[in-house]
Amino acid sequence: MRKQSLVWQLFPSYLLVTLAALLAITGYSAQAVRNFYHEQAAKDLKSRAALVSGQVHERIRDGDFASIQDLCNELGPAADTRITIILPSGVVAGDSEENPGDMDNHAGRPEVREALMGCLGSSMRFSKTVNKQMMYVAVPLMADTKVDGVVRVAIPITAIDDALWSILSRIAYGGGIVALLAAGVSWGVSRRITRPLAELRQGAERFARGALDQPLTIPDSLEIGALAESMNTMARELDERIKTAIRQKNELDAVLASMVEGVLAVDNHERLIIINQTAAGLLDVDAEAVLGKYLPEIVRNSTLEQFIEDTLSSEGMLEREIVFHQHGERLFQGHGTVLHDTQENASGAVVVLNDITRLRRLENVRREFVANVSHELKTPITSIKGFVETLLDSTPEDPADVERFHRIIAKQADQLGSLIDDLLTLSRLEQEEKPLETIAQIEALRPTLEKAVLRHVSRAADKGVRIELHCDDALEVRINQSLITQCIVNLLDNAIMYSERDGVVCVTASREGDDVVVSVRDEGCGVAPEHLPRLFERFYRVDKARSRELGGTGLGLAIVKHIVELHGGHVEAKSTLGAGSVFSVYLPANTSQTSA
Ligand code: ADP
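Cut-off values and rules
Residues numbered from 1 in each chain as written. Predicted model: local features only at pLDDT ≥ 70, side-chain atom pairs only at ≥ 80, totals over all residues. Heavy atoms only, no water. Near = heavy atom within 4 Å. Polar contact = N/O pair within 3.5 Å; in protein donor to acceptor, adjacent residues only side chain to side chain. Areas by Shrake-Rupley, 256 points an atom, 1.4 Å probe, with all protein chains shown as cover. Helix = DSSP H or I, 4+ residues; strand = E, 2+ residues; numbered from the N terminus. Nonpolar A, V, L, I, M, F, W, Y, C, P; charged D, E, K, R; others polar. Core = buried A, V, L, I, M, F, W, Y, C linked by side-chain atoms within 4.5 Å. Buried < 20%, exposed > 50% of the residue type's maximum accessible area, 1.4 Å probe, protein only. Domains from an automatic or database assignment. Contact = heavy atoms within 4.5 Å. Salt bridge = Lys/Arg side-chain N within 4 Å of Asp/Glu carboxyl O. Patch = residues over 30% accessible without salt bridge, like charges linked within 9 Å, V, L, I, M, F, W, Y side chains within 5 Å. Pairing = 2+ DSSP bridges. Axes fitted to C-alpha atoms, helices over the stretch in contact; angles between N-to-C directions. Parallel < 35°, antiparallel > 145°, perpendicular 65-115°, else oblique. Left-handed = near helix turned anticlockwise from the far one by under 90°. Phe/Tyr/Trp six-rings, centres within 6.5 Å; stacked < 30°, edge-to-face > 60°. Lys NZ or Arg CZ within 6 Å of the ring centre and 35° of its normal.

Peer 1: Looking at this structure, I do not really get the site of the ligand. What am I missing?
Peer 2: Inspection of the region around the ligand gives 20 residues, with Asn494, Asp522, Ser547, Thr553 and Gly554 positioned closest. One of the side-chain nitrogen or oxygen atoms of Tyr498 is found 3.3 Å away from an oxygen atom of the ligand. One nitrogen or oxygen atom from the main chain of Val542 is found 3.1 Å from an oxygen atom belonging to the ligand. Protein contact buries 97% of the 520 Å² of open area that the ligand shows by itself. The set of elements that each furnish at least two residues to the shell around the ligand consists of α14 (481–497), α16 (556–566) and β17 (580–588). Considered class by class, the residues forming the shell around the ligand number ten nonpolar, eight polar and two charged.

Here it is, written out as structure tokens:
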């Protein structure tokens with residue numbers, strides 16, 4: 001349906017009411033004026049009849065009918081009235097405007113009939129005789145109870161109607177002016193109502209566009225003013241709520257963005273409603289672009305998809321491990337919870353993905369380490385226990401056997417001791433929380449290296465191995481002396497251990513770019529290339545039995561790596577099978593020092 005302006009709805013009804021009122025007043029007043037005129041005319045006619053009746057009655061009593069006509073002719077024009085004298089038989093005895101001889105019997109005329117019955121008769125009708133609308137009043141000429149005749153007076157009432165019409169036309173003219181005024185007023189009133197409404201509408205449109213801080217001006221009208229105030233209050237509250245919602249969303253976005261955990265939420269139809277950068281990275285999608293899309297379109301990980309589906313159909317919280325193959329294999333712990341709307345109905349699910357790859361790796365390392373330590377401890381202990389039991393059960397007769405057994409027990413005990421020493425060293429290094437600056441200082445490197453070499457001099461001599469040391473006296477580096485000594489001791493230990501008789505072990509220290517490099521080179525058996533990357537792992541040994549036989553613990557290089565990393569450096573192993581190895585320690589150089 002076509003909508004109409006309020007002006008066009010109000011204006012016609014105003015006009016209609018005004019015109020209806022005007023018509024009713026005009027009609028009523030016309031009727032009242034007409035009645036008044038008629039009553040006045042009737043009264044007037046009655047008086048005129050009364051004036052005539054005395055003279056006429058006398059003449060009828062005298063039988064002087066001829067003079068009656070004369071009287072009529074005389075008085076009629078003088079009084080501007082038609083006068084008719086009628087005898088009781090209905091015969092017209094005189095008439096001021098017609099020849100009585102030509103006139104028919106008047107006994108049947110309504111006013112005459114009433115007058116003949118002794119009453120005052122009156123009537124209004126069209127007279128064919130004079131061809132006009134007339135008002136008749138008939139007065140009986142009474143002699144006691146007998147009617148001697150009737151005096152009928154009549155005037156045309158066209159004059160009355162003319163007068164009435166002139167009054168009515170004036171009323172209509174005035175009414176027209178009033179109607180125009182009413183139209184103008186109704187138009188103005190309509191405009192007064194609609195203008196503030198139009199302003200309210202514009203204000204509401206402004207609110208809809210988001211300009212909630214521009215309040216509406218309050219119109220004078222009580223009702224529209226109250227509406228405008230309500231709308232302003234509504235806009236203020238809406239503004240406040242929107243600001244709160246935006247603030248909360250920003251906070252949520254900031255929290256989600258800063259989370260290392262992946263977060264994604266879906267609605268009941270598996271449509272994505274929240275996804276943070278971490279989760280988007282895991283799924284290899286653009287976080288903004290996938291919002292609102294269905295889960296199967298985005299997620300290529302069947303475990304995750306199944307997990308979200310299970311969460312949606314569950315009541316409480318679910319947990320599951322999920323593997324992602326984005327940037328290598330990574331293991332995540334998924335926590336899924338059902339989302340509820342304000343009516344506590346399930347409205348979706350949120351899943352938080354926690355990267356436990358490192359944790360699981362550490363767990364595995366720890367488990368492996370405990371198993372290794374147990375194994376490493378068990379071997380010498382079993383050996384010691386075996387020989388002690390043998391000695392307790394039956395002391396060998398040959399004293400050389402007893403001594404051999406004792407030596408084996410002593411060697412195993414040493415092995416046990418070395419193992420525990422290395423474990424303690426590792427544990428101390430791992431627990432070292434003090435920053436390097438507090439435990440290290442700039443030292444000349446040569447004395448440290450000499451100290452380490454000195455510890456091995458006799459051992460090397462026993463094996464016929466020669467140790468060479470090449471280090472500039474001026475070479476300085478920020479180190480913790482005892483740790484670096486321990487580090488070089490371990491490297492020398494291996495170098496001597498795996499060297500052949502009469503071999504040479506060479507310790508060299510020099511400045512290479514930003515590093516000070518200490519290398520320990522031997523001419524021993526060397527290591528096959530496939531083992532090189534794992535040599536610095538705890539308990540990793542190329543030949544377990546040989547290492548044990550030689551008194552190795554499998555922790556020497558792990559300790560070296562730990563110490564060097566504590567100094568902010570790194571280690572490197574190069575080797576040629578059968579030709580020897582070079583183990584190098586790179587330490588950050590003291591940058592103020594000039595190149596050696
Ligand atoms: P171990 O106590 O067994 O020497 P390390 O951690 O010091 O333990 O060394 C790990 C393994 O690396 C050794 O078992 C050995 O197989 C190999 N290795 C270390 N240094 C040398 C070297 N100089 N020559 C040959 N192999 C070596």
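Anyway, onward from the coordinates.
Peer 1: How do you make sense of the nonpolar core when you look at a structure like this?
Peer 2: If you look at soluble globular proteins, the nonpolar side chains tend to sit buried side by side. If you look at the biggest cluster of nonpolar residues, it comprises 52 residues, and the most contacted ones within it are Leu445, Leu449, Ile488 and Val585. Top contributing element to this core by residue count: α14, with nine residues. Summarising the domain contributions, this core has at least three residues from each of domain 3 (361–427) and domain 4 (434–591). Not counting chain neighbours up to four residues away, the residues in contact with Leu449 comprise Leu469, Cys471, Ile488, Val507, Ala509 and Val518. Core analysis: the second largest hydrophobic core is formed by 23 residues, Val290, Ile298, Leu312 and Val351 among them.

Peer 1: So what exactly am I meant to see when it comes to the domain arrangement of the protein here?
Peer 2: It is common to give the size of an interface as the accessible area lost on bringing the parts into contact. What the domain assignment reports for the protein is domain 1 (7–164), domain 2 (261–355), domain 3 (361–427) and domain 4 (434–591). Inter-centroid distance (C-alpha atoms) of domain 2 to domain 3 is 53 Å.

Peer 1: Whenever I open this one, the pattern of salt bridges confuses me. Can you help?
Peer 2: When charged atoms on two side chains of opposite charge get close, those side chains can pair. Under the definition given, this model contains 28 salt bridges. The salt bridge involving Asp44 is made with Arg48; its shortest N-O contact spans 2.6 Å. A residue pair is termed a helical-turn pair when its members lie 3 or 4 positions apart in one helix, as Asp44 and Arg48 do in helix α1 (residues 6–62) at four residues. Asp44 gets classed as partly exposed once you look at its relative accessible area, which sits at 31%. Here Asp239 makes a salt bridge to Lys243, at a shortest N to O gap of 3.2 Å. With Asp239 and Lys243 both in helix α5 (residues 222–258), this residue pair falls four residues apart, about one helical turn. Counted as one network, the salt bridges with shared partners bring together Glu321, Arg360, Glu363 and Arg367.

Peer 1: Before we go on, may I ask you to explain a nonpolar patch on the surface in this structure?
Peer 2: On the surface, Tyr173, Ile177 and Leu181 cluster together into a nonpolar patch covering about 360 Å² of accessible area. Along the chain, Ile177 falls in helix α4 (residues 158–208). A relative accessible area of 43% places Ile177 in the partly exposed class.

Peer 1: In this structure, what is going on with the pairing of strand β14 (residues 504–512)? I would like to understand it.
Peer 2: Sheet topology note: the strand β12 (residues 466–471)/β14 ladder contains six bridges and is parallel. From the neighbouring strand, Glu468 faces β14, where its bridge partner is Cys506. Across seven bridges, the pairing between β14 and strand β15 (residues 515–521) is antiparallel. Looking across to β15, one finds that Cys506 is bridged to Arg521. Between β14 and β15, which follow one another and run antiparallel, lie two residues, and Gly513 among them has a positive phi close to 65 degrees.

Peer 1: Help me understand the side chain of Ser519, please; the structure alone is not making it clear to me.
Peer 2: Along the chain, Ser519 falls in strand β15. Of the polar contacts made by the side chain of Ser519, one reaches the side chain of Ser584; its length is 3.1 Å.

Peer 1: Any chance you could explain the packing of helix α13 (residues 445–463) against α14 here in plain terms?
Peer 2: Describing two packed helices takes the angle between their axes plus the distance from one axis to the other. Where α13 contacts α14, the axes come no closer than 8 Å and their chain directions differ by 25 degrees. As the angle between them shows, α13 and α14 are arranged roughly parallel. Helix-helix and strand crossings are classified by hand; for α13 and α14 the assignment is right-handed. Here Thr448, Leu449, Lys451, Ala452, Val453, Arg455, His456, Arg459, Ala460 and Lys463 of α13 lie close against α14, whose contacting residues are Gln481, Ile484, Thr485, Ile488, Val489, Leu492, Asp493, Ile496 and Met497. Classifying every residue of the contact of α13 with α14 gives ten nonpolar, four polar and five charged.

Peer 1: Could you clarify how one ought to interpret the environment of Val350 in this entry?
Peer 2: On the secondary structure map, Val350 appears in strand β10 (residues 346–355). Taking the C-alpha atoms as reference points, Val350 and Ala280, separated by 70 residues in sequence, lie 14 Å from one another.

Peer 1: Which parts of the structure should I look at to understand the sheet that holds strand β1 (residues 82–86)?
Peer 2: Strands pair in a sheet through their backbones, by hydrogen bonds, and they do so in one of two ways: parallel or antiparallel. Reading across the sheet, the five strands line up as β2-β1-β5-β4-β3 and stay open at both edges, with antiparallel pairing between neighbours. The strands lining the two open edges of the sheet, one partner per strand, are β2 (92–95) and β3 (121–127). Strand-to-strand, the axes of this sheet are offset by a mean angle of 20 degrees, without reference to chain direction. Pairing of strand β4 (residues 132–143) with strand β5 (residues 146–156) involves ten bridges; the strand directions are antiparallel. Looking at β5, one finds that Tyr136 is bridged to Ala154. Here helix α2 (residues 65–79) sits on the sheet in contact with β1 and β2, set at roughly 30 degrees to β2.

Peer 1: Help me understand unusual backbone geometry, please; the structure alone is not making it clear to me.
Peer 2: One can expect most non-glycine residues to show negative phi and most peptide bonds to be in trans. A positive phi angle is found at Asp144, which is not glycine, with a value near 50 degrees. Judged by its relative accessible area of 77%, Asp144 is exposed. Here the phi dihedral of Asp284 falls at roughly 60 degrees; this positive angle occurs in a residue that is not glycine. Tracing the sequence through the fold places Asp284 in the loop between α6 (277–283) and α7 (287–290). For Asp284, a relative accessible area of 57% corresponds to the exposed category.

Peer 1: What should I look at first to understand the packing of aromatic side chains in this one?
Peer 2: Centre distance and the angle of the planes are the two values used to describe a pair of aromatic rings. Counted by the stated rule, this structure contains five aromatic pairs. Between the aromatic rings of Phe324 and Phe332, the centroid separation amounts to 5.2 Å while the plane-to-plane angle is 85 degrees, which identifies the pairing as edge-to-face. Each member of the pair, Phe324 together with Phe332, is buried. The ring of Tyr136 has Arg125 lying over it, and the distance from NZ or CZ to the ring centre is 4.3 Å. Taking the ring centre of Phe369 as reference, the NZ or CZ of Arg538 above it sits at 5.1 Å.

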